[in-house]
Amino acid sequence: MDLTRRQFVVGCSSAIAAMAGGRLGGLAFAEPGDIQRDIFVVVFLRGGCDGIGIVSPLDDANFQAARSTITFPGSGTGAGFELGSLSNVPFWLHPKAAAFKELYDSQDLAFIHASGLTNGTRSHFDAMDFMERGTPDNKSTSTGWLTRHMAATRPDGVVPVMSTGSALPASLLGSPNAVTISNVQRYAMQGYSTYGAQQQASLNEIYGQTGSLLDGPATRLLSSIAAVKARNPANPYVPITTYPAGGLSDSLKAIAQMIKLDVGLQVATLDFGGWDTHESQVPILGNQLDLLTRSLHAFYNDLIDYHSKLTIVVMSEFGRRLKANRSAGTDHGHGNLAMVLGGNVNGGRIFGRWPGLANAQLDYGVDLAITTDYRTILSEIVVRRLRNNRLGLVFPQISQYQPLGLVRGTDLTIDWTSGFRSYLPMARR
């Protein structure tokens, strides 16, 4: 079969173009890359998960008045799991999150309540954008917060950053290193398999000589494909634990396999949608939690040899309104719950400060207030586990480092210099 130039280009260039990402900011801020850092996995629950419905203050009269029709009991059939107290208020974990209770009891898992994005938007897209760019109130930032973190730490592996979705999340906006991998065995150039070797050889020859912005990303992409292929990844992947069926597990297994292939993976992201529970929240939230917690439990134990250098954070763009709506669901709210899992997490605790649920204590009288900015959580992980002191670059809008004691590690002298670019909206006459 003759391979036309167009077929050749279509087969190869789309992945390279995707890898080049958005605008490449001037991110030449790297420190030497010889510091041992954790592998960091970010799980984003798209849709606004109901944090107060997952870790709930069942003894609170205000909570029961607002949620009695959609919450779970503290005792008897279908009871939740007692977790302990925050600000002298006792909390229970949702009964469908039993797999998380085991990790909480082993002190590998911690919750951070009343946390989240301080911007009060109720728009999914705006909230996700703000959080993932790491600059609340500013969507014109040209890079994601993980991109800036990686720019500061100079990743030296062949696949230092990966996402399992069909496209990179905004947290990796502008990343020259990130790739999307949903199936490790199939991580290859698309095209005619007969000519795969010739395609790769030709691209290796082409890129590196054009002098264009694509040279670097293209070369890295081609190197990563070759490195993964050389390690001959198993197909299908054979984990040491049993994952539940579904796309979430497939994504987690892809990350686990890449970690075990030892290709220098430092950061991985994945999305899990379906948390926008405007109606029928009881069955939907229960099913979502059951799948999330069993999948992450399997993933964590599949990587038992990596616990000492593995940190996983689970977050969502906002919480749900305190009061249930007429459709047995909850609408977009504000304060939420974050979860951190890992071998160096001070787990078995609920962190943060509980603001209370009396009307005067709620955000605008309707939502759980936020007492912990989500960047406070991520900053502690960045400094103590990812060994990066460039908070001025990673989160340019904050000016204080206030660790909660969430993870173990040594604090560094924080560098508050920013050096990042923000593209302002274009003004037109």
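In this text, all values refer to a predicted model and were calculated from it rather than measured experimentally.

Chemist: So, the pairing of strand 9 (residues 310-316): which residues are in play, and what are the values?
Modeler: Of all the seven residues making up strand 9, seven are buried; the element is thus mostly covered by neighbouring parts of the structure. On strand 9, burial covers both faces: L310, I312, V314 and S316 on one face and T311, V313 and M315 on the other are all buried. Pairing between strand 1 (residues 39-45) and strand 9: seven bridges, direction parallel. For F44, the partnering residue across the bridge sits in strand 9 and is M315.

Chemist: Tell me about helix 5 (residues 124-133), and name the residues and values.
Modeler: Across the 10 residues of helix 5, eight count as buried, placing the element largely inside the fold. Where helix 5 is buried, its residues meet strand 1, helix 6 (145-153), strand 9 and helix 11 (374-384). Where helix 5 ends, the next residue or the one after it, G134, has phi of about 75°, a positive value.

Chemist: Outline the sheet that holds strand 2 (residues 55-56), listing residues and values.
Modeler: Consider a sheet: its strands pair through backbone hydrogen bonds, and that pairing is either parallel or antiparallel. Strand order in the open sheet formed by three strands is 2-4-3, and the pairing between neighbours is antiparallel. Looking along the sheet, the strands with just one partner apiece sit at the ends: strand 2 and strand 3 (81-86). Contacts from helix 4 (residues 98-105) reach strand 3 and strand 4 (89-93) within the one sheet, and its direction differs from that of strand 3 by about 50°.

Chemist: Could you give an account of unusual backbone geometry, naming the residues involved and the relevant values?
Modeler: N235 connects to P236 through a cis peptide bond whose omega is 0°. With respect to the helices, strands and loops of the structure, P236 is situated in the loop between helix 8 (215-230) and helix 9 (247-260). Backbone geometry places Q107, a non-glycine residue, at a positive phi of 65°. A positive phi angle, near 55°, is found at R387, a position not held by glycine. For R387, the position within the fold is in the loop between helix 11 and helix 12 (391-394).

Chemist: How would you sum up empty space enclosed by the protein? Please name residues and give values.
Modeler: All told, the structure shown has one cavity of 30 Å³ or more when counted by the stated rule. Approximately 80 Å³ is the volume attributed to the largest cavity. If you list the elements that add at least two residues to the lining of the largest cavity, you get strand 5 (109-116), strand 9, strand 10 (336-342) and helix 11. Top contributing element to the lining of the largest cavity by residue count: strand 9, with four residues. The residue makeup of the lining of the largest cavity, split by class, is nine nonpolar, four polar and no charged.

Chemist: Any chance you could break down the nonpolar core for me, citing the residues and the numbers?
Modeler: With 73 residues, the main nonpolar core has F111, M258 and F299 as its most contacted residues. Discounting residues that sit within four places of it in the chain, F111 has contacts with V55, L83, L93, F100, Y104, L337, A338, M339, R349, I350 and F351. Counting 39 residues, the second largest nonpolar core, distinct from the first, contains L146, V267, I377 and L391.

Chemist: I'd like to hear about the pattern of salt bridges, residue by residue, with values.
Modeler: Opposite charge on two side chains permits pairing when their charged atoms draw close. Counted by the stated rule, this structure contains 18 salt bridges. R46 is the partner of D271 in a salt bridge, and the nearest nitrogen-oxygen pair spans 2.8 Å. You can see D271 sitting in strand 8 (residues 267-272) and its partner R46 sitting in the loop between strand 1 and helix 2 (51-54), a full 225 residues away along the chain. Under the relative-accessibility criterion, D271 is labelled partly exposed at 38%. With a shortest N-O distance of 3.9 Å, D363 and R122 are connected by a salt bridge. Of this pair, D363 sits in the loop between strand 11 (350-351) and strand 12 (372-373) while R122 sits in the loop between strand 5 and helix 5, placing them 241 residues apart in sequence. The exposure class of R122 is partly exposed, given its relative accessible area of 25%. Sharing partners across several salt bridges, the network here consists of R122, R321, D363 and D367.

How each quantity is defined
Residues numbered from 1 in each chain as written. Predicted model: local features only at pLDDT ≥ 70, side-chain atom pairs only at ≥ 80, totals over all residues. Heavy atoms only, no water. Buried < 20%, exposed > 50% of the residue type's maximum accessible area, 1.4 Å probe, protein only. Helix = DSSP H or I, 4+ residues; strand = E, 2+ residues; numbered from the N terminus. Pairing = 2+ DSSP bridges. Contact = heavy atoms within 4.5 Å. Axes fitted to C-alpha atoms, helices over the stretch in contact; angles between N-to-C directions. 1 Å grid on protein atoms, 1.4 Å probe; cavity = no way out; pocket = protein on both sides within 12 Å on 5 of 7 lines; lining within 4 Å. Points joined across faces, edges and corners; volume = space filled by probe spheres on them. Nonpolar A, V, L, I, M, F, W, Y, C, P; charged D, E, K, R; others polar. Core = buried A, V, L, I, M, F, W, Y, C linked by side-chain atoms within 4.5 Å. Salt bridge = Lys/Arg side-chain N within 4 Å of Asp/Glu carboxyl O.

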